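So you can see what is in the structure, the chains are spelled out below.
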Amino acid sequence: MRTLVDIPDHQAASLKTICAAKSLSRAEAIRRALTAFIETNKVVPGQAFGLWGARKDDGLAYQKRVRSEW
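Residues numbered from 1 in each chain as written. Predicted model: local features only at pLDDT ≥ 70, side-chain atom pairs only at ≥ 80, totals over all residues. Heavy atoms only, no water.

Caption draft 1: Representation of the overall build of the protein chain. Of regular secondary structure, the protein chain possesses 3 helices and 0 strands. From first element to last, N terminus to C terminus, the protein chain shows the α and β order α-α-α. Burial statistics for the protein chain: of 70 residues in total, 6% are counted as buried. When the accessible surface of the protein chain is totalled, it reaches about 6,900 Å², and 58% of it is carbon and sulfur. (Helix = DSSP H or I, 4+ residues; strand = E, 2+ residues; numbered from the N terminus. Buried < 20%, exposed > 50% of the residue type's maximum accessible area, 1.4 Å probe, protein only. Areas by Shrake-Rupley, 256 points an atom, 1.4 Å probe, with all protein chains shown as cover.)

Okay, structure coming up:
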């Protein structure tokens, strides 16, 4: 897929320097950066649906137990 991205001048200059030093194309450097960003921010299915997660307690039983402490 092709896409257009606006990159500030200072980042473009830094990218050019890094690419020259590492003998990379800009496209390859951006692909690597995107891969790292995706890995760092990956959402694991099941973690996005509330805090209850893998608890074994029934929600109603938990509620009654906690409220009994009041």
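Caption draft 2: Inspection of the pattern of salt bridges at higher detail. A complete count under the given rule lists 3 salt bridges for this structure. Among the ionic pairs, Glu28 bridges to Arg31, the shortest N-O distance being 3.1 Å. A residue pair is termed a helical-turn pair when its members lie 3 or 4 positions apart in one helix, as Glu28 and Arg31 do in helix H2 (residues 26–40) at 3 residues. Overall, Glu28 belongs to the partly exposed group, its relative accessible area being 26%. One salt bridge connects Glu28 with Arg32, and the closest N-O pair in it is separated by 3.0 Å. Of this pair, Glu28 and Arg32 both sit in helix H2, 4 residues apart, which is roughly one turn of the helix. Given the relative accessible area of 49%, Arg32 is considered partly exposed. When salt bridges that share partners are traced, they join Glu28, Arg31 and Arg32 into one network. (Salt bridge = Lys/Arg side-chain N within 4 Å of Asp/Glu carboxyl O.)

Caption draft 3: Structural view of helix H1 (residues 9–22). Helix length check: H1 (14 residues) gives 20 Å between terminal C-alpha atoms against 20 Å at 1.5 Å per residue, within 8%. Within two residues after H1, Ser23 carries a phi angle of roughly 55°, on the positive side. (Expected span 1.5 Å × (residues − 1).)

Caption draft 4: Spotlight on unusual backbone geometry. The backbone of Ser23 sits at a positive phi, close to 55°, despite the residue not being glycine. Positionally, Ser23 belongs in the loop between H1 and H2. Since its relative accessible area comes to 68%, Ser23 is described here as exposed.

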